[in-house]
Amino acid sequence: MTFLQLGVIDPILKALDSEGYTHPTPIQEQSIPILLRGKDLLGCAQTGTGKTAAFALPILQLLYQKQTQAKGKRKIKALIVTPTRELAIQIGESFSVYGKHTGIRNTVIFGGVKQGAQTKILNRGVDVLVATPGRLLDLMQQGFISLADVKYSVLDEADRMLDMGFIHDIKKIIAKLPAQRQSLFFSATMPPDIVALSRKILGNPEKVSVTPDQTTAEKVEQVVYFVSKPGKTKLLIHLLNTQAMNSVLVFSRTKHGANKIVKLLGRAKIAAEAIHSNKSQGARQRALGNFKSGETKVLVATDIAARGIDVDDLSHVVNYDLPNISETYVHRIGRTGRAGASGIAISFCDDEEKAYLRDIEKLIKQKIKIIAEHPFVNYKPEVPAKDAAVPYGLRKKAPGSGRSGGGGGGRPRRHRSAPRAGR
Ligand code: AMP
């Protein structure tokens, strides 16, 4: 497949040629025809897959083909909202490079700098605006930006945007967009809140999804342990203590979960640190530095935070929680077994996650080896005091176990009975 076969026009082909792009990447191959047909798009893809060109090329092309000779200031016809200044700058540069023979003008705005230079360019008029949410809203409120003429809107890295707390800004921005427009929505992960947001923004979208090279899944040795939720930390500690695991990246679905794992490993004298978006940039850098130097052998991360981790020689990836999006599993295990190194991916699967496991196996087209023998196969959490075989009268009342429910902080959570191993 070539860019020409995808329907890309000459002035853009020329720019791609001088960039040395010979073939479209999978996300480009899938997205460009859909976008050129004017459809909304929901894309599951990470940075690094060629995602920027996947949306920039068709937008440039559609703008170029619909260019009119109307006099007066250019109006913003395409809006790209992205979470960080770095991404915004990169996207702006991509539009400039790919659009250098089209005459389409773009600019980039982001916070943390004085607005003067940005408003000056906006006042001259641009076709494409790349923005971070806060500065965009700010300049809209000051009257420097009108979204009334936007025909193409892109929400980039939506999961990261929500993670960084931009949801209210996003909703305010969306509310100002004209109803008649083509909308694009990209996210590397698709948790329920992202799916809900995408439904608010997109009409009847076409969906595209790219996974890293499927062969990574074949190179990595993969095993799964069936274990109850409360048994997972015990099993992790056991494995870390009994197997040669030198640099281990543990994936947790939530930030809170990541912190909890680190705390429990710490109690077992295993050096671990967590990285997620609630940690400052400095704290993340330090954690990463300690991990790379081997000072800590375990790094616990959420999917979003892990994207920034550039560590090549991981011995193990542990899926403490199985992801509900199968592609995320492939992204995760692709972090080990790089550069020919043998990597091992260990997954913990509780009863509720068995459906996720089935989806993953369908995607990778292989069965993951089950480790049936382990000390926590039938692990049940400690029995709350009221149920324990303690003679009546000697029983201690469990905090918060009163009829009112107590609401006390230390109240033991009620567990369903621990599921048995096996499918
Ligand atoms: P992105 O995912 O948009 O950040 O792109 C990742 C990198 O791939 C960027 O450095 C792009 O310049 C490059 N790239 C994008 N598309 C292609 C392509 N079709 N051929 C070669 N390189 C590409």
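Everything here concerns the structure above.
The sections below set out a description of the structure shown in this document.

Reading the values: the criteria
- Residues numbered from 1 in each chain as written.
- Predicted model: local features only at pLDDT ≥ 70, side-chain atom pairs only at ≥ 80, totals over all residues.
- Heavy atoms only, no water.
- Pairing = 2+ DSSP bridges.
- Helix = DSSP H or I, 4+ residues; strand = E, 2+ residues; numbered from the N terminus.
- Axes fitted to C-alpha atoms, helices over the stretch in contact; angles between N-to-C directions.
- Contact = heavy atoms within 4.5 Å.
- Core = buried A, V, L, I, M, F, W, Y, C linked by side-chain atoms within 4.5 Å.
- Buried < 20%, exposed > 50% of the residue type's maximum accessible area, 1.4 Å probe, protein only.
- Phe/Tyr/Trp six-rings, centres within 6.5 Å; stacked < 30°, edge-to-face > 60°.
- Expected span 1.5 Å × (residues − 1).
- Arc of directions from axis to C-beta.
- Polar contact = N/O pair within 3.5 Å; in protein donor to acceptor, adjacent residues only side chain to side chain.
- Salt bridge = Lys/Arg side-chain N within 4 Å of Asp/Glu carboxyl O.

Next up on the list: the sheet that holds strand β1 (residues 41–44). Spatial ordering of the open sheet is given by β3-β4-β2-β5-β6-β1-β7, a layout of seven strands whose pairing is parallel. Edge positions in the sheet fall to β3 (106–109) and β7 (206–209), since each has one partner strand and no second. If you compare each strand with its neighbour and ignore which way they point, the axes differ by 15 degrees on average. Sheet analysis places β3 next to strand β4 (residues 128–131), joined by four bridges and oriented parallel. Bridging from a neighbouring strand, Thr-107 pairs with Leu-129 of β4. Set on the sheet, helix α3 (residues 51–65) makes contact with β2 (78–81), β4, β5 (152–155) and β6 (182–187); between it and β5 the angle comes to about 170 degrees.

Here the focus is the sheet that holds strand β8 (residues 221–226). Pairing is parallel in the open sheet, where seven strands are placed in the order β10-β11-β9-β12-β13-β8-β14. Edge positions in the open sheet fall to β10 (272–275) and β14 (369–370), since each of these has one partner strand only. With two bridges connecting them, β8 and β14 associate as parallel partners. For Val-224, the partnering residue across the bridge sits in β14 and is Ile-370. The sheet contacts of helix α12 (residues 255–267) involve β9 (248–251), β10 and β11 (298–301), and relative to β10 the element is tilted by about 170 degrees.

Below, the discussion takes up the nonpolar core. Within the largest apolar cluster, 39 residues are counted, with the highest numbers of intra-cluster contacts made by Phe-55 and Phe-95. Among the elements that take part in this core, α3 stands out by supplying nine residues, more than any other. Among all residues touching Phe-95, those that are not within four sequence positions of it are Phe-55, Ala-56, Ile-59, Leu-60, Ile-80, Asn-106 and Val-128. With 33 residues, the next largest nonpolar core counts Leu-129, Leu-139, Leu-147 and Leu-162 among its residues.

Looking now at the packing of aromatic side chains. Under the definition given, this model contains six aromatic pairs. A centroid spacing of 6.2 Å and a plane angle of 90 degrees characterise the contact between Tyr-225 and Phe-348, whose relative ring orientation is edge-to-face. You can see Tyr-225 sitting in strand β8 and its partner Phe-348 sitting in strand β13 (residues 344–349), a full 123 residues away along the chain. Members of the aromatic cluster, each reached through a chain of ring pairs, are Phe-55, Phe-95 and Phe-186.

Where helix α1 (residues 10–19) contacts α3, the two axes come as close as 10 Å, and the packing angle between them is 145 degrees. Packed against α1, whose contacting residues are Pro-11, Ile-12 and Leu-16, the element α3 presents Leu-57, Leu-60, Gln-61 and Tyr-64 at the interface.

Burial along β5 is two-sided: Tyr-152 and Val-154 facing one way and Ser-153 and Leu-155 facing the other are all buried. Two elements, β2 and β5, share four bridges in a ladder whose sense is parallel. Bridge assignment links Ala-78 to a residue of β5, and that residue is Tyr-152. With four bridges connecting them, β5 and β6 associate as parallel partners. Counted as the bridge partner of Leu-155 is Phe-185 from β6.

Helical geometry note: an α-helix holds 3.6 residues per turn, so side chains three or four residues apart project in the same direction. Over its 14 residues, helix α4 (residues 85–98) runs 20 Å from end to end, which matches the ideal 20 Å to within 8%, given 1.5 Å per residue. Leu-87, Ala-88, Ile-91, Gly-92, Ser-94, Phe-95 and Tyr-98 are the residues of α4 that are buried. The buried residues of α4 occupy an angular sector of 155 degrees when the element is viewed end-on, so they sit on one face. Turning to α4, the residues buried within the fold contact α1, α3, β2, β3, β4 and α7 (158–163).

Residue placement: His-374 occurs in the segment after β14. There is a polar contact of 3.0 Å between the side chain of His-374 and the backbone oxygen of Phe-226. Sequence-distant contacts of His-374, that is, excluding residues within four places in its chain, are made with Tyr-225, Phe-226, Val-227 and Leu-235.

Right, let's talk about unusual backbone geometry for a bit. Non-glycine residue Lys-269 carries a positive phi angle of around 65 degrees. Looking at the secondary structure, you find Lys-269 in the loop between α12 and β10. You can call Lys-269 exposed: its relative accessible area is 75%. With a phi angle near 55 degrees, Lys-365 is a residue other than glycine that sits in the positive phi range. Structurally, Lys-365 can be placed in the loop between α16 (354–364) and β14.

In this section: α3. Taking 1.5 Å as the rise per residue, α3 with 15 residues should run 21 Å; its terminal C-alpha atoms sit 22 Å apart, in good agreement. Across the 15 residues that make up α3, a large majority, twelve, are buried. Those residues of α3 that sit buried are Lys-51, Ala-53, Ala-54, Phe-55, Ala-56, Leu-57, Pro-58, Ile-59, Leu-60, Gln-61, Leu-62 and Leu-63.

In this section: the pattern of salt bridges. The full count for this structure, using the stated rule, is 16 salt bridges. Two residues, Asp-163 and Lys-255, come together in a salt bridge whose shortest N-O distance is 3.5 Å. Separated by 92 residues along the polypeptide, Asp-163 in helix α7 and Lys-255 in helix α12 bring together distant segments of the chain. The class for Lys-255 is partly exposed, based on a relative accessible area of 24%. One continuous salt-bridge network, built from bridges that share partners, spans Lys-229, Lys-232, Arg-253, Asp-321, Asp-350, Glu-352 and Glu-353.

By the secondary structure assignment, Ser-198 is in helix α9 (residues 192–201). With relative accessibility at 4%, the residue Ser-198 sits in the buried group. Residues Ser-198 and Leu-155 lie 43 residues apart in sequence; the distance between their C-alpha atoms is 9.2 Å. In this view, Ser-198 contacts Leu-42 and Phe-185; residues no more than four positions away in its chain are not counted. Polar contacts involving the side chain of Ser-198 include one to the main-chain carbonyl oxygen of Val-195, which spans 2.7 Å.

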